[in-house]
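# Structural overview
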Amino acid sequence: MFKNLKSDLPASIVVFFVALPLCLGIALASGVGAANLFSGLIAGIIGGIIVGLISGSQIGVSGPAAGLAAIVAAAVASLGFENFLVAVVLAGAIQILFGILRLGIIGYFFPSSVIKGMLTGIGVIIILKQIPYFFGLDDNPEGDFAFLQVDGENTLSELLKAINALISGNLDTGATLIAFIAMGILILWSMVLSKKAKIFQLVQGPLVAVVVGIIFYFLTKDSNLELLKQHLVSVPVPDSFDSFIGQFSFPNFAVIGQTEIWITAFTIALVASLETLLCVEATDKLDPEKRVTPTNRELFAQGTGNMISGFIGGLPITQVIVRSSANIQSGGKTKASAIIHGFLLLISVYTIPQILNYIPLSVLAAILFIVGYKLAKPSTFKAMWNAGWTQFVPFIVTVLIIVFKDLLWGIGIGLAVGVIIVLYKSYKNSHFLHKENEDPTDGQVKMTLAEEVTFFNKGAILKELDDLPENSYLELDVRKTRYLDNDIIEILEDFAIKAKAKNIDIKLISERGEIKNPDSYIEFFKLDKKNIHRL
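About the criteria used
Residues numbered from 1 in each chain as written. Predicted model: local features only at pLDDT ≥ 70, side-chain atom pairs only at ≥ 80, totals over all residues. Heavy atoms only, no water. 1 Å grid on protein atoms, 1.4 Å probe; cavity = no way out; pocket = protein on both sides within 12 Å on 5 of 7 lines; lining within 4 Å. Points joined across faces, edges and corners; volume = space filled by probe spheres on them. Helix = DSSP H or I, 4+ residues; strand = E, 2+ residues; numbered from the N terminus. Nonpolar A, V, L, I, M, F, W, Y, C, P; charged D, E, K, R; others polar. Expected span 1.5 Å × (residues − 1). Buried < 20%, exposed > 50% of the residue type's maximum accessible area, 1.4 Å probe, protein only. Phe/Tyr/Trp six-rings, centres within 6.5 Å; stacked < 30°, edge-to-face > 60°. Pairing = 2+ DSSP bridges. Salt bridge = Lys/Arg side-chain N within 4 Å of Asp/Glu carboxyl O. Bend = angle between axes of the 7 residues up to and from the residue. Axes fitted to C-alpha atoms, helices over the stretch in contact; angles between N-to-C directions. Parallel < 35°, antiparallel > 145°, perpendicular 65-115°, else oblique. Contact = heavy atoms within 4.5 Å. pLDDT = per-residue confidence, 0-100.

## Some thoughts on the layout of surface pockets
Approximately 880 Å³ is the volume found for the largest pocket. For the largest pocket, the lining is made up of 34 residues, of which Q204, Q329, S330, G331 and K374 are closest to its centre. Elements with a contribution of two residues or more to the lining of the largest pocket: α1 (5-29), α7 (173-191), α8 (199-202), α9 (205-219), α13 (321-329) and α16 (361-375). At six residues, α7 tops the list of elements feeding residues into the lining of the largest pocket. Of the residues assigned to the lining of the largest pocket, the class counts are 16 nonpolar, 10 polar and eight charged.

Quick look at the structure:
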């Protein structure tokens, strides 16, 4: 696990800096209140260390997810925080059961176009959300990734405010300046320095950008470039070990028998599992080595993490694409980077929380801006367009709904569009129809059925058969067919009767030979109702 430490250690530091404000921001966006913001950090620590150790994913990173924020906020408001933690523990147990029942296969049923749309949509969101931070104009929590935000604003209104500030010159000069400096460092490191010497590969650009940001904060104090407190990371600062321990909360198991607790637990387990499986599918596609994560083991790992997180006062955990993609883009090779990032969170929030509070949010915005761009490159849109409308439509629908609604809505609607396209293509591709002679009076038609013909193809085949003119000749070839749905068999049986009335001659060609007698033709399919998988 540690043989690629020279790559994993720098990547873990980048993920740590990305995860730190996200953990706090998602906690705030989840409605747990200022007193329980530490719950987001607990989830990040458990997601890194515990889930990282158990998971079979080499490059995925787990922690609190923005996709669960709305569910968590409603549950905390209804149940209270300590009662809500019981639901988190139970959700973890349910996820472990999902893993044992081998339900991880669900993730494989999502089309590639939808997964690519999810990655691109998240990349677009990251870019749009970081623009206000980049210019020091947004005081919202960093984890607020939904289109509609907790302060009544939305993504577009925040951008309009940023544009107006740019035009009028009402920017936070200090935050903007250090953001551009950080962006310059990141681009220089990535495109030039990392190719010059190994030291620039070991010490990553994002780490340098963060250190420069902290130095900038101290150098500009009491000047017109001074960074305001709301433009810095905000980590709870314990006075002692006892006050640090006091930040942990524990579930109230006295309410475990309440129906609402179990409904909340199942909802969290279902949504967290789905989000994890989709993230696994996406990160596996991003993995340069194209490794495949065992999904059932991932559900078990996530469930274990959620049980422990709930026991000690943490938010629900999923594998998360922002941190996972930051890990991949920063050169992470194995699960060591995720585990180390968890330890860095744990050590830092106890030993150096005050130093962390000197990191400018605009520097982190610059780091995330690069991550977002790599996920949503213009070349991705071009490649999906060139792949044809059946790939581009579900892709762009997923992107737009994720940007203008949220992640799960985008995936759900993208999947629905993908299924509709599959049904349409299945309708079109159930058979091949060929007229042997274009003379309409000749009427010789050959129909070859596909390898698998299901009830989805019912309409297309029925239309073609009904359109055959009287006194024509149909050659029906089923030699390639390995599965024929009962609905299709009934259509063919009915057509055999109609064919007599319309004086249509039929020749059936199968692996058993040729059949020309309509009565035998009907009996052939009747016999095959018990063995329709092979004709």
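Now that the structure has been shown, we can carry on.
## With respect to helix α5 (residues 112-134)
Taking 1.5 Å of rise per residue, the 23 residues of α5 would be expected to cover 33 Å, and the 32 Å separating its terminal C-alpha atoms lies within 8% of that figure. The buried count for α5 comes to 19 of 23 residues, which makes it a mostly enclosed element. Note on α5: the residue one or two positions beyond its end, G136, has a positive phi of about 65°.

## Remarks on the packing of aromatic side chains
Enumeration over the complete set of coordinates arrives at 18 aromatic pairs. Taking 5.9 Å as the distance between ring centres and 85° as the angle between the ring planes, the aromatic pair formed by F241 and Y350 counts as edge-to-face. One end of the pair, F241, is in helix α10 (residues 241-245); the other, Y350, is in helix α14 (residues 336-351), with 109 residues separating them in the sequence. By relative accessible area, F241 is classed as partly exposed at 47%. Relative accessible area serves as the criterion here: at 36%, Y350 is assigned to the partly exposed category. Three or more aromatic residues joined by ring pairs form one cluster here, namely F38, F241, F244, F248 and Y350.

## Quick notes on the pairing of strand β8 (residues 505-510)
Burial of β8 is extensive: five of the six residues sit out of reach of the surface. Relative to β8, strand β6 (residues 473-477) runs parallel, the two being bridged by five bridges. Note on β8: the bridge partner recorded for L476 is L508.

## Considering the environment of L90
If you trace the backbone, L90 turns up in helix α4 (residues 81-100). Considering only alpha carbons, one finds L90 and I256, 166 residues apart in sequence, at a separation of 8.8 Å.

## Focus on empty space enclosed by the protein
Tallied over the full model, the rule gives two cavities of 30 Å³ or more. A volume near 50 Å³ is recorded for the second largest cavity. Lining of the second largest cavity is provided by G47, V51, G52, S55, S57, G60, V61, S62, E298, Q319, K335 and A338. If one sorts the elements of the lining of the second largest cavity by residue count, helix α2 (residues 38-54) sits on top with three residues. Residue composition of the lining of the second largest cavity, by class: three nonpolar, seven polar and two charged.

## Considering the environment of E464
Counting through the fold element by element, E464 comes out in helix α20 (residues 458-466). With 17 residues separating them along the chain, E464 and M447 place their C-alpha atoms 9.2 Å apart.

## A few points about the pattern of salt bridges
All told, the structure shown has six salt bridges when counted by the stated rule. K498 serves as the salt-bridge partner of D466, at 3.5 Å between the closest nitrogen and oxygen. Placement of the pair is D466 in helix α20 and K498 in helix α21 (residues 486-502), with a sequence separation of 32 residues. A salt bridge links R479 to D477, with the shortest nitrogen-to-oxygen separation between them at 2.7 Å. Each of D287, E289 and R291 takes part in a single network of salt bridges with overlapping partners.

## Notes on α2
Here α2 is 17 residues long and its end C-alpha atoms lie 24 Å apart, about the 24 Å a rise of 1.5 Å per residue gives. The largest bend along α2 measures about 30° and falls at G47.

## Describing the packing of α13 against α16
Where α13 meets α16, the closest approach of the two axes is 10 Å, and the angle between their N-to-C directions is 90°. Here α13 is positioned roughly perpendicular relative to α16, judged by the angle of their axes. For the pair formed by α13 and α16, the contact residues are V322, S325, A326 and Q329 on the first element and L368, V371, K374 and L375 on the second. Class assignment of the residues belonging to the contact of α13 with α16 gives a composition of five nonpolar, two polar and one charged.

## A short note on the confidence of the model for the protein chain
When pLDDT is averaged along the protein chain, the result is 82; 87% of the residues meet or exceed 70. The element-level mean pLDDT for the protein chain is lowest in strand β3 (residues 431-435), coming to 49, with helix α12 (residues 295-311) highest at 96. Scored below 50 in pLDDT, residues 433-441 makes 13 contacts in the model with residues more than four places away or belonging to other chains. Overall, residues 527-535 carries pLDDT values under 50, and its contacts beyond four positions in sequence, including any with other chains, amount to 25 contacts.

## Observations concerning unusual backbone geometry
Look at K290: it is not a glycine, yet its phi comes out positive at around 55°. The residue K290 is located in the loop between α11 (259-286) and α12 in this model. Assessed through its relative accessible area of 55%, K290 is described here as exposed. One non-glycine residue, N471, adopts positive backbone phi at about 60°. Inspection of the secondary structure puts N471 in the loop between α20 and β6.

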